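Structural overview for review
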Amino acid sequence: MARPRFEDKGSRTSYDMVHYGHSNQLRQARAMGDYLIVGVHTDEEIAKHKGPPVFTQEERYKMVQAIKWVDEVVPAAPYVTTLETLDKFNCDFCVHGNDITLTVDGRDTYEEVKQAGRYRECKRTQGVSTTDLVGRMLLVTKAHHSSQEMSSEYREYADSFGKCPGGQSPWTGVSQFLQTSQKIIQFASGKEPQPGETVIYVAGAFDLFHIGHVDFLEEVHKLAKRPYIIAGLHFDQEVNRYKGKNYPIMNLHERTLSVLACRYVSEVVIGAPYSVTAELLSHFKVDLVCHGKTEIVPDRDGSDPYQEPKRRGIFRQIDSGSDLTTDLIVQRIIKNRLEYEARNQKKEAKELAFLEAMRHQEAQPAGETD
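The text that follows walks through the structure, step by step, so that each part is easy to find. Fair warning: this is a prediction, and the values are worked out from it, not measured in the lab.

Criteria and thresholds
Residues numbered from 1 in each chain as written. Predicted model: local features only at pLDDT ≥ 70, side-chain atom pairs only at ≥ 80, totals over all residues. Heavy atoms only, no water. Phe/Tyr/Trp six-rings, centres within 6.5 Å; stacked < 30°, edge-to-face > 60°. Helix = DSSP H or I, 4+ residues; strand = E, 2+ residues; numbered from the N terminus. Pairing = 2+ DSSP bridges. Axes fitted to C-alpha atoms, helices over the stretch in contact; angles between N-to-C directions. Contact = heavy atoms within 4.5 Å. Buried < 20%, exposed > 50% of the residue type's maximum accessible area, 1.4 Å probe, protein only. Salt bridge = Lys/Arg side-chain N within 4 Å of Asp/Glu carboxyl O.

1. Considering the packing of aromatic side chains
In this structure the tally under the stated criterion is five aromatic pairs. Ring geometry for tyrosine 242 versus tyrosine 274: centroids 5.2 Å apart, planes at 35°, classification tilted. Taken together, the residues span a long stretch of sequence, with tyrosine 242 in helix α10 (residues 236–243) and tyrosine 274 in the loop between β8 (267–270) and α12 (278–283) at a distance of 32 residues.

This is the structure we're talking about:
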């Protein structure tokens, strides 16, 4: 019997600004079978149906491939999933989140495969959306650093950003993320370093986990035949100290899931010390410490945070070849703010029209049509 294969064509964000919500969707999809093929749309298709993407198609292809539950990526996937598409890639069924994806003229992109019984659904991750992340960048507040009640300014944004005049769709908007130990367990590999593996330690904010991070981790992964990469994530307050403004955009719990979803990372230290100490190196039996080509900001006392691994001769700076930073992502968003607000309004209006049509159809007596 042929091995089951299936395709997850894409979520309503088309894997633009890939975050842990997308990763969780792919984790759930992968658990439904034994081989996951992910189709990612072109910039042209996304612009036509939804509005301008934040990242280029090449960036999005590579970001999706870096998620550890993905077996294969299909570039330039059609926006509407058909039976022909599933058969072309030998897929038994396709999977999507329990939100809705509509074409430019308001049709369900999964209508054909749903009618054929070759569609499955997974739960949407509460508390994260591209809409929410864009808002955090634009407001320049620090309300998102804690799990406490949103500030009045952020709440006002959350209720109104890109909101169309007709109301609010249940699939578009901002909700609060609540971390659980179960979610971390689902994302974690659960594997300890094995004899013969090279333990490599990297540390940073890893905020808005993006292609620059993936390029860096991929290069680090190449340094050893059997690498075991541990990523140390700094506390929000520490990140804010050395980056300023409203950074980090994602809080520590969110950044933890984003990094754990990466196929190159084996373990995460949640709230790692800023300086790489002798105690840390001994505890994790670290063989090598790596940092990118970005500036190394001194610790609070003015000392070099990497002085201990440098003293031991196990420190290396890695050139990932990528110049993309979290700052540059925020600049892309700010530059196109009005376009993103218009995109959100357009998307929500289509969703509300679709909901109304569904309600109207359900309200009609059986067998009766307009």
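2. Topic: the sheet that holds β8
Sheets are built from strands paired through backbone hydrogen bonds, the pairs being either parallel or antiparallel. One open sheet holds the five strands; their spatial order is β8-β7-β6-β9-β10, and the pairing between them is parallel. Either end of the sheet is taken by a strand with one partner, and the two such strands are β8 and β10 (315–317). Going across the sheet, the axis of each strand differs from the next one's by a mean of 25°, ignoring polarity. Here strand β6 (residues 198–204) pairs with strand β9 (residues 288–291) via three bridges, running parallel.

3. Description of the environment of lysine 293
Within the secondary structure, lysine 293 sits in the loop between β9 and α13 (307–312). Discounting chain neighbours no more than four positions away, the residues touching lysine 293 are Gln317, Ile318 and Asp319.

4. Re helix α9 (residues 211–221)
One full turn of an α-helix is made of 3.6 residues, so residues set three or four places apart face in the same direction. Most of α9 sits out of view: nine of its eleven residues are buried. Ile211, Gly212, His213, Val214, Asp215, Phe216, Leu217, Glu218 and Val220 are the residues of α9 that are buried.

5. Quick look at α10
Taken as a whole, α10 has its buried residues at Asp236, Glu238, Val239, Asn240 and Tyr242. The inward-facing, buried residues of α10 contact β6 and α11 (252–260). Downstream of α10 by a residue or two, glycine 244 has a phi angle that is positive, lying close to 70°.

6. Let's talk about unusual backbone geometry
Negative phi values dominate among residues other than glycine, just as trans dominates among peptide bonds. For the bond running from tyrosine 247 to proline 248, omega is 0°, close enough to zero to count as cis. Counting through the fold element by element, proline 248 comes out in the loop between α10 and α11. The backbone of phenylalanine 206 shows a phi angle near 50°, a positive value even though the residue is not glycine. In this structure, lysine 245 takes a positive phi of about 50° despite not being glycine. Lysine 245 sits in the exposed class, given a relative accessible area of 58%.

7. Describing the pairing of β6
Along β6, six of the seven residues are buried, which leaves the element largely enclosed by surrounding structure. Sheet topology note: the β6/strand β7 (residues 227–233) ladder contains seven bridges and is parallel. Bridging across to β7, valine 199 finds its partner in tyrosine 228.

8. Some words on the pattern of salt bridges
Evaluation of the coordinates by the stated rule reveals 15 salt bridges. With a shortest N-O distance of 2.7 Å, aspartate 215 and lysine 62 are connected by a salt bridge. Residue aspartate 215 is found in helix α9, and its partner lysine 62 is found in helix α3 (residues 57–65); the two are separated by 153 residues along the sequence. By relative accessible area, aspartate 215 is classed as buried at 11%. The class of lysine 62 is partly exposed, set by a relative accessible area of 35%. Ionic pairing is found between arginine 255 and aspartate 236, a salt bridge with its closest N-O pair at 2.7 Å. Of this pair, arginine 255 sits in helix α11 while aspartate 236 sits in helix α10; the two residues are 19 residues apart in sequence, bridging distant segments of the chain.

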